[in-house]
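So the chains spell out like this:
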Amino acid sequence: MVAFQIEDIKIFTQKLFLGTDFDEFLVKEVNIVTFNRFTIDGHICQGFYSQEEREKLEPGEFSSWGLLRPVCFSLIKGKKLPGSFRIDLQAAPEEVEKFLQTCQMPAVDAQQINGLYLQIRYEDGKLSCITGTSLAFFTLDKAIETEWDGVVGRFFKEKGIAAVRL
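Below or above, wherever it landed, is the structure these notes cover. Not measured: the values here are computed from a predicted model.

**Some remarks on the packing of aromatic side chains**
For the structure on display, the rule yields 13 aromatic pairs. Taking 5.3 Å as the distance between ring centres and 85° as the angle between the ring planes, the aromatic pair formed by Phe4 and Phe156 counts as edge-to-face. Of this pair, Phe4 sits in strand 1 (residues 3–6) while Phe156 sits in helix 5 (residues 143–158), and the two are 152 residues apart along the sequence. The same class applies to Phe4 as to Phe156, namely buried. Their ring planes at 75° and their centres at 5.5 Å tell us that Phe35 and Phe38 sit as a pair that is edge-to-face. A connected cluster of aromatic rings, assembled from ring pairs, spans Phe4, Phe12, Phe22, Phe25, Phe155 and Phe156.

Structure (C-alpha cells):
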C-alpha cells in the first residue's frame, strides 16, 4: 500500500470525471459530499436486467467507472467545489490477468487475487490516491503489493498526472 499526493487537482479531476483514463476500473463505492451526502454502491443489481440483457451484457459484480462517471460528475459539477469525495476503484478481472502476466508471477493465479484497488480521496482541499491489494492466500512476500504500487505510479505518469509518492 502506498499513498500518492496529487499535485494538480484540476488536471486529475478533469481526467477522472471528464476523460476516459479511469473508465476500465470497476467501482466498489463512491461517496460524494456536496449539498447532500451521496453514496453509490458499485454492485450491479442483477435483477434490474432481463435474462436476455444479462446474456448480452454479461455484467460482472461491479459497474465500471465509465458507466458511473457521468452520474458522479453530475453530482459535483457547479460553481462550488465538493466538500469531499471518496471513490473506491478496483482493477477489472481482465486487468488482473494482464497485471500478473506483466509482472511475471507465474506461481500466482488471478483467482488468488481478490482485488487490486485504488482509492481516490478529496478532502480539505487535497487529493490523494491510495493503492491496496487483497489476496485469497497468506504470504509474507510483498511482491504483488509492490508491483501494484509501481503499476499505479506508472499509470499516473503515462496519463500525465503529477503525483508525489508519500
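That was the structure; now back to the text.
**Describing the layout of surface pockets**
Estimated volume of the largest pocket: approximately 430 Å³. If you go around the largest pocket, you meet 18 residues; those closest to its centre are Phe25, Glu95, Trp148, Val151 and Phe155. Within the residue set of the lining of the largest pocket, elements represented by two or more residues are helix 4 (93–102) and helix 5. Looking at the lining of the largest pocket element by element, the count peaks at six residues for helix 5.

**Here we look at the side chain of Asn31**
Residue placement: Asn31 occurs in strand 2 (residues 26–33). Assessed through its relative accessible area of 16%, Asn31 is described here as buried. There is a polar contact of 3.5 Å between the side chain of Asn31 and the side chain of Glu29.

**Observations regarding helix 4**
Listed as buried for helix 4 are Val96, Phe99 and Leu100. The buried residues of helix 4 occupy an angular sector of 95° when projected down its axis, which confines them to one face. When the buried face of helix 4 is taken as reference, the exposed residues oriented beyond 90 degrees from it are Gln101 and Thr102. On the buried face of helix 4, the contacting elements are strand 5 (113–123) and helix 5. Taken from the residues just after helix 4, Gln104 is the one with a positive phi, measuring 50°.

**Describing helix 5**
Along its 16 residues, helix 5 runs 22 Å from first to last C-alpha, staying within 8% of the 22 Å computed at 1.5 Å per residue. Where helix 5 is concerned, the buried positions are Ile144, Trp148, Asp149, Gly150, Val152, Phe155 and Phe156. Where helix 5 is buried, its residues touch strand 1, helix 1 (9–17), helix 4, strand 5, strand 6 (126–135) and strand 7 (163–165). Two residues or fewer past helix 5, Gly160 is found with a positive phi of approximately 75°.

**Let's talk about the pattern of salt bridges**
If charged atoms from side chains of opposite charge come close, those side chains can pair. What the rule picks out here adds up to seven salt bridges. The partner of Asp23 in a salt bridge is Arg69, with the nearest N and O atoms 2.9 Å apart. Highlighted residues: Asp23 in the loop between helix 1 and strand 2 and Arg69 in helix 3 (residues 65–76), separated in sequence by 46 residues. Across this residue pair, the class does not change: Asp23 and Arg69 are buried.

**Re the sheet that holds strand 1**
The sheet built from seven strands is open, its strands ordered 3-2-4-5-6-1-7 with antiparallel pairing. Each having just a single partner strand, strand 3 (37–41) and strand 7 make up the two edges of the open sheet. When strand polarity is set aside, the average angle formed by the axes of neighbouring strands in this sheet is 15°. By the bridge criterion, three bridges tie strand 1 to strand 7 in an arrangement that is antiparallel. Within the sheet, the bridge partner assigned to Phe4 lies in strand 7 and is Arg165.

What counts and what doesn't
Residues numbered from 1 in each chain as written. Predicted model: local features only at pLDDT ≥ 70, side-chain atom pairs only at ≥ 80, totals over all residues. Heavy atoms only, no water. Phe/Tyr/Trp six-rings, centres within 6.5 Å; stacked < 30°, edge-to-face > 60°. Helix = DSSP H or I, 4+ residues; strand = E, 2+ residues; numbered from the N terminus. Buried < 20%, exposed > 50% of the residue type's maximum accessible area, 1.4 Å probe, protein only. 1 Å grid on protein atoms, 1.4 Å probe; cavity = no way out; pocket = protein on both sides within 12 Å on 5 of 7 lines; lining within 4 Å. Points joined across faces, edges and corners; volume = space filled by probe spheres on them. Polar contact = N/O pair within 3.5 Å; in protein donor to acceptor, adjacent residues only side chain to side chain. Arc of directions from axis to C-beta. Contact = heavy atoms within 4.5 Å. Expected span 1.5 Å × (residues − 1). Salt bridge = Lys/Arg side-chain N within 4 Å of Asp/Glu carboxyl O. Pairing = 2+ DSSP bridges. Axes fitted to C-alpha atoms, helices over the stretch in contact; angles between N-to-C directions.

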